[in-house]
Amino acid sequence: MPEGHTLHRLARLHQRRFGRTAVVVSSPQGRFADGAAAVSGQIFKRATAWGKHLFHHYDGGRVVHIHLGLYGAFTEWPVPAELALPLPVGQVRMRIIGAQYGTDLRGPTVCELITEPEIVDVIAKLGPDPLRPDADASLAWKRITKSRRPIGALLMDQTVMAGVGNVYRSELLFRHGIDPYLPGTQLDAAEFDAMWTDLVALMKVGVRRGKIVVVRPEHDHGAPSYRTGRPRTYVYRRAGEPCRICGTPVRTAELEGRNLFWCPTCQS
């Protein structure tokens, strides 16, 4: 599932491609036909993101709310000057065509038409987003300190902190030497502040570079990534491989339905 930096990066891209211009919106698949018809031909005012949620804002107060889920993805293509537009490939839920670029959305968990006031209802269910300048870290801290759930589960809870996925969760805890099974009530304020500051910096790098970068240069000794094209990590998807710091085999276990990765020595 895409993590929060991906959605913020998409928001910036769509703002550049379509912002402040009239766009043509359709639903080749048909499942978003009514919503597409309601905004097609309207001015695409702006694109914003909160956690793993993307919002396309149109004139008239209409908003397309998108959550990519596990399988959702946008593909972009240049609008040809003279030739016909490319035919949709696969099940395209939504197609947007601007003056120079088009984009197709496939496989999202959510693609729905809402109004500007209804965005408040979506955001009310989410925790603070580390990538937003208005993020209030104290809200996440309060929710963590009131829970005895493991910190490894709380970081993935979008009502606690919006946008953190499995990679950032595992890597952040490793970078700060925190046992993923530590109850939230036992995390101290200094540890939380350090993690929040680090998370903001890491996710900003993700937005800027378009990939997750978590391994410090002094710890990256050229060992292969766990899969070509995937991020180089300390522990994520490195189960059984030696820890980059101490050499202890990285462990994995299922925590609240998601695979967790950690070093039992560095995070003891």
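It should be emphasised that the depicted structure is a prediction, and the values quoted were computed from it without experimental measurement.

Q: Quick question: what am I supposed to make of the overall build of the protein chain here?
A: Scanning the protein chain for helices and strands turns up seven helices and 11 strands. Taking 18 Å as the expected radius of gyration for a compact globule of 268 residues, we find that the protein chain reaches 20 Å, a close match to that expectation. Relative to its full complement of 268 residues, the protein chain shows a buried share of 48%. Of all intrachain contacts in the protein chain linking residues separated by at least 6 positions in sequence, the fraction that spans at least 24 positions is 60%.

Q: Mind showing me how you'd approach the packing of aromatic side chains here?
A: We describe a pair of aromatic rings using the distance from one ring centre to the other and the angle between the two ring planes. Evaluation of the coordinates by the stated rule reveals seven aromatic pairs. Arranged with centres 5.3 Å apart and planes meeting at 70°, the rings of phenylalanine 44 and tyrosine 58 form a pair that is edge-to-face. Within this pair, whereas phenylalanine 44 is found in strand S3 (residues 43-50), its partner tyrosine 58 is found in strand S4 (residues 53-58), the two being separated by 14 residues in sequence. Tyrosine 58 shares its class with phenylalanine 44; the two are buried.

Q: In this structure, what is going on with the pairing of strand S8 (residues 101-106)? I would like to understand it.
A: Two faces belong to every sheet, and in a regular strand the side chains alternate between them. Note that strand S6 (residues 73-78) and S8 share six bridges and pair antiparallel. When the bridges of S8 are listed, proline 78 appears paired with tyrosine 101. Strand direction decides the pairing type here: strand S7 (residues 92-97) and S8, joined by five bridges, are antiparallel. Along S8, the bridge assignment pairs isoleucine 97 with glycine 102. Hairpin geometry of S7 and S8 is characterised by an intervening segment of three residues between the two adjacent antiparallel strands.

Q: What's the story with the domain arrangement of the protein chain in this structure? I'm lost.
A: Note on interface size: it is often stated as the accessible area lost on association of the parts. As far as domains go, the protein chain holds domain 1 (4-125) and domain 2 (137-262). The C-alpha-based centres of domain 1 and domain 2 are spaced at 30 Å. In this complex, domain 1 contributes nine residues to the contact, which on the side of domain 2 involves 15 residues. Both sides together, the interface formed by domain 1 and domain 2 hides about 850 Å², and carbon and sulfur atoms give 61% of it. The tally of links from domain 1 across to domain 2 stands at three residue pairs in polar contact (both at pLDDT 80 or more). Top contributing element to the side of domain 1 that touches domain 2 by residue count: helix H1 (residues 4-18), with five residues. Of the residues belonging to the side of domain 1 that touches domain 2, the class tally is one nonpolar, four polar and four charged.

Cut-off values and rules
- Residues numbered from 1 in each chain as written.
- Predicted model: local features only at pLDDT ≥ 70, side-chain atom pairs only at ≥ 80, totals over all residues.
- Heavy atoms only, no water.
- Helix = DSSP H or I, 4+ residues; strand = E, 2+ residues; numbered from the N terminus.
- Rg over C-alpha atoms; globule rule 2.2 N^0.38 Å.
- Buried < 20%, exposed > 50% of the residue type's maximum accessible area, 1.4 Å probe, protein only.
- Contact = heavy atoms within 4.5 Å.
- Phe/Tyr/Trp six-rings, centres within 6.5 Å; stacked < 30°, edge-to-face > 60°.
- Pairing = 2+ DSSP bridges.
- Domains from an automatic or database assignment.
- Buried area = accessible area lost by both parts, 1.4 Å probe.
- Polar contact = N/O pair within 3.5 Å; in protein donor to acceptor, adjacent residues only side chain to side chain.
- Nonpolar A, V, L, I, M, F, W, Y, C, P; charged D, E, K, R; others polar.

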